[in-house]
Amino acid sequence: MRELSVQWFPGHMTKAKRMIAEELKLIDIVIEMLDARIPAASSNPLLAELIGGKTRVIVLNKSDLSDPAITGEWLRYYTENGLPAVLLDSVRGQGVKKLTEVLKQAAAPISSKWLARGVKNKSIRVMIAGIPNVGKSSLINRFLKSAKAQTADRPGVTKGKQWLKVAGGNLEILDTPGILWPKFDNSRVAFALAATGAIKDAAFDVEQAALLLLEFLRDKYPDGFACRYKLPLPVLSAAEDILAAVARQKGCLRSGGTVDLEAAAKHVLTDFRAGLLGRVSLEAV
Ligand SMILES: Nc1nc2c(ncn2[C@@H]2O[C@H](COP(=O)(O)OP(=O)(O)OP(=O)(O)O)[C@@H](O)[C@H]2O)c(=O)[nH]1
Ligand SMILES: [Mg+2]
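All figures in this text were calculated on a predicted structure; none of them were measured in a lab. (Residues numbered from 1 in each chain as written. Chains lettered and ligands numbered in written order. Predicted model: local features only at pLDDT ≥ 70, side-chain atom pairs only at ≥ 80, totals over all residues. Heavy atoms only, no water.)

Draft legend 1. Fine view of the domain arrangement of the protein chain. Here the protein chain is partitioned into domain 1 (11–179) and domain 2 (205–273). The C-alpha centroid of domain 2 is placed 37 Å from the C-alpha centroid of domain 1. (Domains from an automatic or database assignment.)

Draft legend 2. Local environment of the packing of helix 7 (residues 206–220) against helix 9 (residues 239–249). One way to put it is that helix 7 packs onto helix 9 with a least axis distance of 9 Å and a crossing angle of 105 degrees. Classified by the angle between their axes, helix 7 and helix 9 sit roughly perpendicular to one another. Contacts between helix 7 and helix 9 involve Glu207, Leu211, Leu214, Glu215 and Arg218 from the first element and Ala239, Glu240, Ile242 and Leu243 from the second. For the contact of helix 7 with helix 9, the residue count by class is five nonpolar, no polar and four charged. (Axes fitted to C-alpha atoms, helices over the stretch in contact; angles between N-to-C directions. Helix = DSSP H or I, 4+ residues; strand = E, 2+ residues; numbered from the N terminus. Parallel < 35°, antiparallel > 145°, perpendicular 65-115°, else oblique. Contact = heavy atoms within 4.5 Å. Nonpolar A, V, L, I, M, F, W, Y, C, P; charged D, E, K, R; others polar.)

Draft legend 3. Broad picture of helix 3 (residues 68–80). Helix length check: helix 3 (13 residues) gives 18 Å between terminal C-alpha atoms against 18 Å at 1.5 Å per residue, within 8%. Inspection of helix 3 places Ile70, Thr71, Trp74 and Tyr78 among the buried residues, and these make up the whole buried set. The buried residues of helix 3 occupy an angular sector of 100 degrees when projected down its axis, which confines them to one face. In this structure, helix 3 carries Ala69 and Glu80 as exposed residues pointing more than 90 degrees from its buried face. Its buried side turned inward, helix 3 meets strand 1 (29–35), strand 2 (55–61) and strand 3 (85–87). At the N-terminal boundary of helix 3, the capping side chain belongs to aspartate 67, with an oxygen 3.0 Å from the backbone nitrogen of alanine 69. Directly after helix 3, the chain includes glycine 82, whose backbone phi takes a positive value near 75 degrees. (Expected span 1.5 Å × (residues − 1). Buried < 20%, exposed > 50% of the residue type's maximum accessible area, 1.4 Å probe, protein only. Arc of directions from axis to C-beta. Polar contact = N/O pair within 3.5 Å; in protein donor to acceptor, adjacent residues only side chain to side chain.)

Draft legend 4. The arrangement of the pattern of salt bridges in detail. Summed over all chains, the structure comprises 15 salt bridges. One salt bridge connects arginine 273 with aspartate 201, and the closest N-O pair in it is separated by 2.9 Å. Of the two residues, arginine 273 is situated in helix 10 (residues 261–273) and aspartate 201 in the loop between helix 6 (187–196) and helix 7; the sequence distance between them amounts to 72 residues. What makes arginine 273 partly exposed here is its relative accessible area of 22%. In this structure, arginine 254 and aspartate 260 form a salt bridge, with 3.4 Å as the shortest nitrogen-oxygen distance. According to the relative accessible area criterion, arginine 254 is partly exposed, its value standing at 45%. Judged by its relative accessible area of 18%, aspartate 260 is buried. By sharing partners, the salt bridges in this structure join Arg2, Glu215 and Glu240 into a single network. (Salt bridge = Lys/Arg side-chain N within 4 Å of Asp/Glu carboxyl O.)

Draft legend 5. Spotlight on the site of ligand 1. Around ligand 1 sit 15 residues, and of these Asp64, Ser90, Lys136, Ser137 and Ser138 come closest. At 2.9 Å from an oxygen atom of ligand 1 is found a main-chain nitrogen or oxygen belonging to serine 90. One nitrogen or oxygen atom from the side chain of serine 138 is found 2.6 Å from an oxygen atom belonging to ligand 1. In terms of residue count, helix 5 (residues 136–146) provides more of the shell around ligand 1 than any other element does, three residues in total. Partitioned by chemical class, the residues of the shell around ligand 1 number five nonpolar, six polar and four charged. (Near = heavy atom within 4 Å.)

Draft legend 6. The arrangement of helix 7 in detail. The end-to-end C-alpha separation of helix 7 is 21 Å, in line with the 21 Å expected for 15 residues at 1.5 Å each. Turning to helix 7, its buried residues are Val206, Ala209, Ala210, Leu211, Leu212, Leu213, Leu214, Phe216, Leu217 and Arg218. Backbone nitrogen of glutamate 207 and a side-chain oxygen of the N-cap are separated by 3.1 Å at the start of helix 7; the cap is aspartate 205.

Written as structure tokens, this is what we have:
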């Protein structure tokens, strides 16, 4: 079996945990941003542990790149497990309105509880947490565009911290996202994170990742890559032969005419991440 190993520094995880735990003291609702193509691999078990009883909202971002049928099943999975979930494309802003509605609904019981204790006009504070590159800053930029006001730092809050008022000012979103380091439980998770760009290319074997991806696409989503690389369907070749065909098609050749598989592998990963090989989900429910 082909496997992908990743150079991995667990110290990052401890540091991320400490930082998020500190920020969470001020937060009422946490948006857990997942990559719609890999909802399981992009979720971090630390977060559930850190959040404790706080309200959690799931966002499946980059849903413009994922397989719509499988993403629909993930959405159902979360809602059936009592977690509000929203599909998002945080670059184009698709789903932001729906997310704001879901946040308002999640905020309502918190406000009522406060009101029962005589606390009025207190804003509900929201934080966006997720693994690197999942789209946290893109969503914050979206909220920045629609924000009523960017509130200044206020008493009791670390100096310099900015809150964005949204949804009529009742909700405030922390404008610094919490980065969760992904957990490489096994080589399947490592592959999912590598293929989608959640970990830097320098930390794994790019050629190996591209071969795994081509194998997956050949078996599950052959149309997109066959069209992109002008391969006749059905594609039955071994992943190595497909990669060599991509190299020839893209002109990735070394002096002397041998194929440059590493260059071809980079093409494949870049095309996949940009959605040029079709809408693909790497993980089913
Ligand atoms: N197609 C698509 N691309 C997205 C989406 N959201 C973010 N991106 C792209 O993904 C890349 C990372 O987005 P960021 O918003 O910087 O991600 P981040 O979570 O803030 O990343 P870190 O700060 O490194 O943790 C950028 O190239 C974005 O343009 C999305 O919904 N769809
Ligand atoms: Mg960011």
